[in-house]
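Residue-level structural notes
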Amino acid sequence: MRVTEIFHSIQGESTYAGWPCTFVRLTGCNLRCTYCDTAYAFVGGEELSIEEVAARVKRFGGRLLEITGGEPLLQPEIYPFSERMLNEGYRVMIETGGSLDISGLDPRIIRIMDLKTPGSGFEHANRWENLESLKSGDEVKFVICDRTDFDWASSVVRRHELTSRVTVLFSPEFERCRPGDLAGWVLDAGLEVRVQVQLHKYLWEPGVRGV
Ligand code: SF4
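First, a word on what this report is: a plain description of the structure on this page. (Residues numbered from 1 in each chain as written. Predicted model: local features only at pLDDT ≥ 70, side-chain atom pairs only at ≥ 80, totals over all residues.)

Notes on the site of the ligand
Neighbouring the ligand are Cys29, Leu31, Arg32, Cys33, Cys36, Thr38, Gly69, Gly70, Glu71 and Gly97. Looking at side-chain class alone, the shell around the ligand contains four nonpolar, four polar and two charged residues. (Near = placed C-beta within 6 Å. Nonpolar A, V, L, I, M, F, W, Y, C, P; charged D, E, K, R; others polar.)

Quick look at the environment of Val166
Within the element layout of this structure, Val166 appears in the loop between α3 (147-159) and β8 (167-172). For the pair formed by Val166 and Cys33, sequence separation is 133 residues and the distance between their alpha carbons is 24 Å. Once you skip the residues sitting within four places of it in the chain, Val166 turns out to touch Leu134, Asp138, Glu139 and Val140. (Helix = DSSP H or I, 4+ residues; strand = E, 2+ residues; numbered from the N terminus. Contact = placed C-beta atoms within 7 Å.)

Section: the sheet that holds strand β6 (residues 110-114)
Taken in spatial order, the nine strands make up an open sheet running β3-β1-β2-β4-β5-β6-β7-β8-β9, and their pairing is mixed. In this open sheet, the two strands that pair with only one neighbour each are β3 (46-47) and β9 (194-195). Looking at chain direction, β8 and β9 are connected through two bridges and run parallel. Residue pairing for β9: Phe170 is matched across the bridge by Val195. Helix α1 (residues 50-59) contacts β1 (2-10), β2 (20-26) and β4 (64-68) of the sheet and is inclined by roughly 15° relative to β1. Along the sheet face, helix α4 (residues 179-189) touches β7 (139-144), β8 and β9 and points at about 140° away from the line of β8. (Pairing = 2+ DSSP bridges. Axes fitted to C-alpha atoms, helices over the stretch in contact; angles between N-to-C directions.)

Description of the packing of α1 against helix α2 (residues 78-87)
Contact geometry for α1 and α2: axes closest at 10 Å, N-to-C directions at 40°. Taken together, α1 and α2 sit at an angle that is classed as oblique. Here the hand of the crossing between α1 and α2 comes out right-handed. Mapping the contact onto sequence places Ile50, Val53 and Ala54 in α1 and Pro80, Phe81, Arg84 and Met85 in α2. Across the contact of α1 with α2, the residue classes tally to six nonpolar, no polar and one charged. (Parallel < 35°, antiparallel > 145°, perpendicular 65-115°, else oblique. Left-handed = near helix turned anticlockwise from the far one by under 90°.)

The structure is reproduced here in structure tokens:
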């Protein structure tokens, strides 16, 4: 597996925000979102065996594990790796950009899948067939850059009846959308979605890696 970093921190997003969590950040991404804050994971990294990654994860203790990137689905080793960690009793989450097929993932994995808004610059990359593979316990995340993104995301949520199937997260883009504005839009629209801030950006200094 090509790995950018393995670290223990506080989960910053999803309904698991606030919990201690070990992160495996894999190297490489097929997208280049305008707001990406992990561009350092696009290239480089270290080639590690599944056994080595598992051993490093275990050293941190804890039972919540997130596999992220970059785009973790680019690396086929995530299938045997995630299955191994699940069998060892870990709760495993995968955070994916939503452009690649999620249907082959072990059903015990919690999939946190982005749907890319127009503001990301990669709306065209959304793999809409993935919506058919979502299961209870998965979460769909929209990063909202502005009111245009909000209107687009609201329409997608309603058209696909997402809130009846999964938890839907609306996350204000850190530099382009005020959390209070997004909260007001959600309330005015009567949407049953969860507004979340990126907790890790409030806990740690901006630009610090490995958090
Ligand atoms: S999918 Fe994620 S890692 Fe890839 S460019 Fe977009 S925000 Fe960055």
